[in-house]
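# An overview of the molecular structure
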Amino acid sequence: MRILFSLSLLASAAAFAPSASFIRPATTLNAEQFDQEQFIAESKEMRLKYLEEQAMFALKIAVENYGNAVFPNAMIAGDCVITHLLHRMGYLSDGKCKVMVVDTFHLFPETMEFLKEIEEAYDFKAEVFCAEGVPVGDKAAYDAKYGADLWKEDIEQYDKVCKVEPFQRGLKTLSTDCMINGRTRWQGFERAWIDQFENAPIGGGLAKCNPIAYWTFEDTFDYIAKYQVPHHPLHAKGYPSIGDAKDTIPIPEDGSTKFVDFKFEGDPVPWLDYASERKGRFVGLANKDGSTKTECGIHVAGAEKTFDRDLWEAGSVKNIDSMEVALEIKKSGKPAVFTVYAPWCKFSIAMEEEYEKFAKENPDVDVYAFRGDEVRDFVTSEFNTSSFPTVNVIKADGTAIKYESEKRNAEDFKAFADSTM
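Residues numbered from 1 in each chain as written. Predicted model: local features only at pLDDT ≥ 70, side-chain atom pairs only at ≥ 80, totals over all residues. Heavy atoms only, no water.

### With respect to the overall build of the chain
- Helix and strand counts for the chain come out as 13 helices and 13 strands.
- Partitioning the contacts of the chain with sequence separation of at least 6, the portion at a separation of at least 24 is 71%.
- Of the roughly 20800 Å² that the chain leaves accessible, carbon and sulfur atoms contribute 54%. (Helix = DSSP H or I, 4+ residues; strand = E, 2+ residues; numbered from the N terminus. Contact = heavy atoms within 4.5 Å. Areas by Shrake-Rupley, 256 points an atom, 1.4 Å probe, with all protein chains shown as cover.)

This is how it looks when you write it as structure tokens:
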């Protein structure tokens, strides 16, 4: 029994013995030396081979064990690896795995062009989703409905409108039961404990497959170099990760680190160090509590809700629900106070109580509220609206006079109405 056990140990040890190329002739000073650089290179190759097999096994489970596996592809480096793996396994060309893309209307121009390149290279067609009620690719329609500066007005609402809601809608439209994504533990403490499979806190708890969960960012680029995987052209301009053009920068900012022709130029450490992949993302943005923004909210429970509730749902303020009624009020020949608001806007929310108080204390005045964030062209042209909330007095002749003060309490609303009507 001991002999068999010993032979087994010898066999196992032999499997991991260094190749002959490592070993130099014995010397009197050191009986056994090896080529350190070659050892490191072969060790990395062994690691990458294992990571590939592990990722492909996870993808096989995701695609074969579920009926509608969907891969939301942001075309960052890890997503390019997953796209290539799915291609190698035949899951793109045969349609077993669908690819979904969210166009925020604020991406780099190169991003959607790159999508066309990989669609052709891998023989698939991605399903593209964008802000609700806007045709795919129609930035002008988006600006008209939501405003070109929504991200400046309320970054959390921008994330919900442009990222989270279309992401959720895409998953539902494609009847997703397993979502494949490129999150890794190496990306930072928010993701440090993810596993290859988990239940997503979104979409009713659908399965989530993280096939490269245990990869480092260096592993990702090693794979891209090994197979010459198509990757985002902005890696060659100094961007380790690519999101919206408005808040994504090169790292370092001088663009001295690049990935060109499948190898690094400059010092790769600023990209490859722990939690550094996304350092160039969400630059200059903060959450409402003042904390630094590191996530867009897609993977957060309940994030698909674009606002908690509507405003002035009951009470003395009359909430109107159509442009036709709004115009009727303007043309009625009867003076009124008319506020254009957005239910997600913190300033609209803050004045809700005082505006209701004003309406209740002045029953002889018609006080209206109209949601305008989805019909911006209309409220801009008819009700002086460039931001939310906008309070107007509608005079008997139909003229809308804008309330210019930032003081939004019942007494000030009354003073403005009395002086203007």
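### Comments concerning the pattern of salt bridges
- Evaluated as defined, the whole model comprises 29 salt bridges.
- Here Lys139 and Asp143 are joined by a salt bridge, their closest N and O atoms 2.8 Å apart. Here Lys139 pairs with Asp143, and both are found in helix α5 (residues 139-146), just four residues apart, close to one helical turn.
- The residue Lys414 makes a salt bridge to Asp418 at a minimum N-O spacing of 3.3 Å. (Salt bridge = Lys/Arg side-chain N within 4 Å of Asp/Glu carboxyl O.)

### Regarding the environment of Val134
- Mapped onto the fold, Val134 is located in the loop between β3 (127-129) and α5.
- The sequence separation of Val134 and Lys145 amounts to eleven residues, and the corresponding C-alpha distance is 8.0 Å.
- The residues touching Val134, leaving out its near neighbours within four places in the chain, are Phe105, Ala141, Tyr142, Lys145 and Tyr146.

### Remarks on the sheet that holds strand β6 (residues 207-209)
- Reading across the sheet, the six strands line up as β3-β2-β1-β4-β6-β5 and stay open at both edges, with mixed pairing between neighbours. Looking at which strands have only one partner, the edges of the open sheet turn out to be β3 and β5 (197-199). The average angle at which neighbouring strand axes cross in this sheet is 30 degrees, direction not considered.
- Bridge count for strand β2 (residues 97-102) against β3 is three bridges, and the pairing is parallel. Of the residues in β3, the one forming a bridge with Val102 is Phe129.
- Its contacts with the sheet put helix α3 (residues 77-88) on β1 (69-72), β2 and β4 (178-180), and the angle it makes with β1 is roughly 145 degrees. (Pairing = 2+ DSSP bridges. Axes fitted to C-alpha atoms, helices over the stretch in contact; angles between N-to-C directions.)

### Section: unusual backbone geometry
- Of note, the bond from Ile251 into Pro252 is cis; its omega dihedral lies within 30 degrees of zero at -15 degrees.
- Within the secondary structure, Pro252 sits in the loop between α8 (217-227) and β7 (258-260).
- Look at the link from Phe388 to Pro389: it is a cis peptide, with omega at -10 degrees.
- Its location among the elements puts Pro389 in the loop between α12 (376-383) and β12 (390-394).
- In this model, Asp123 sits at a positive phi of 60 degrees, which is unusual for a non-glycine residue.
- For Asp123, the location among the structural elements is in the loop between α4 (109-122) and β3.
- Backbone geometry at Phe282 places phi at a positive 55 degrees, although glycine is not the residue there.
- Mapped onto the elements, Phe282 comes out in the loop between α9 (269-272) and β9 (318-320).

### Here we look at the packing of helix α10 (residues 323-331) against α12
- It is at 12 Å that the axes of α10 and α12 come closest, and there the two elements cross at 5 degrees. Taken together, the axes of α10 and α12 lie roughly parallel to each other. Of the residues in α12, those touching α10 at Met323, Ala326, Leu327 and Lys330 are Phe378, Glu382 and Phe383.
- Here the residues of the contact of α10 with α12 sort into five nonpolar, no polar and two charged. (Parallel < 35°, antiparallel > 145°, perpendicular 65-115°, else oblique. Nonpolar A, V, L, I, M, F, W, Y, C, P; charged D, E, K, R; others polar.)

### A closer look at the nonpolar core
- In terms of nonpolar packing, the biggest core is built from 43 residues, with Leu86, Ile180, Trp215 and Phe221 touching the most fellow members.
- Setting aside chain neighbours within four positions, we find Leu86 in contact with Leu59, Val63, Phe71, Tyr91, Leu92 and Cys97.
- Counting residues in hydrophobic clusters, the runner-up holds 30 residues, among them Leu150, Tyr158, Ala326 and Phe370. (Core = buried A, V, L, I, M, F, W, Y, C linked by side-chain atoms within 4.5 Å. Buried < 20%, exposed > 50% of the residue type's maximum accessible area, 1.4 Å probe, protein only.)

### Observations regarding the packing of aromatic side chains
- What the rule picks out here adds up to 24 aromatic pairs.
- A network of ring pairs unites the aromatic residues Trp312, Tyr341, Tyr355, Phe358, Tyr403, Phe413 and Phe416 as a single cluster.
- Above the ring of Tyr227, the side-chain terminus of Arg88 is found at 4.6 Å from the ring centroid.
- Geometry around Phe383 places Lys330 over its ring, the cationic atom sitting 5.3 Å from the centre. (Phe/Tyr/Trp six-rings, centres within 6.5 Å; stacked < 30°, edge-to-face > 60°. Lys NZ or Arg CZ within 6 Å of the ring centre and 35° of its normal.)

### Focus on the packing of helix α2 (residues 36-64) against α8
- The geometry of α2 relative to α8 is characterised by a closest axis approach of 11 Å and an angle of 90 degrees between their N-to-C directions. Classified by the angle between their axes, α2 and α8 sit roughly perpendicular to one another. Between α2, through Lys44, Glu45, Arg47, Leu48, Leu51 and Glu52, and α8, the contact on the second element is made entirely by Glu218, Asp219, Asp222, Tyr223, Lys226 and Tyr227.
- A per-class count over the contact of α2 with α8 returns four nonpolar, no polar and eight charged.

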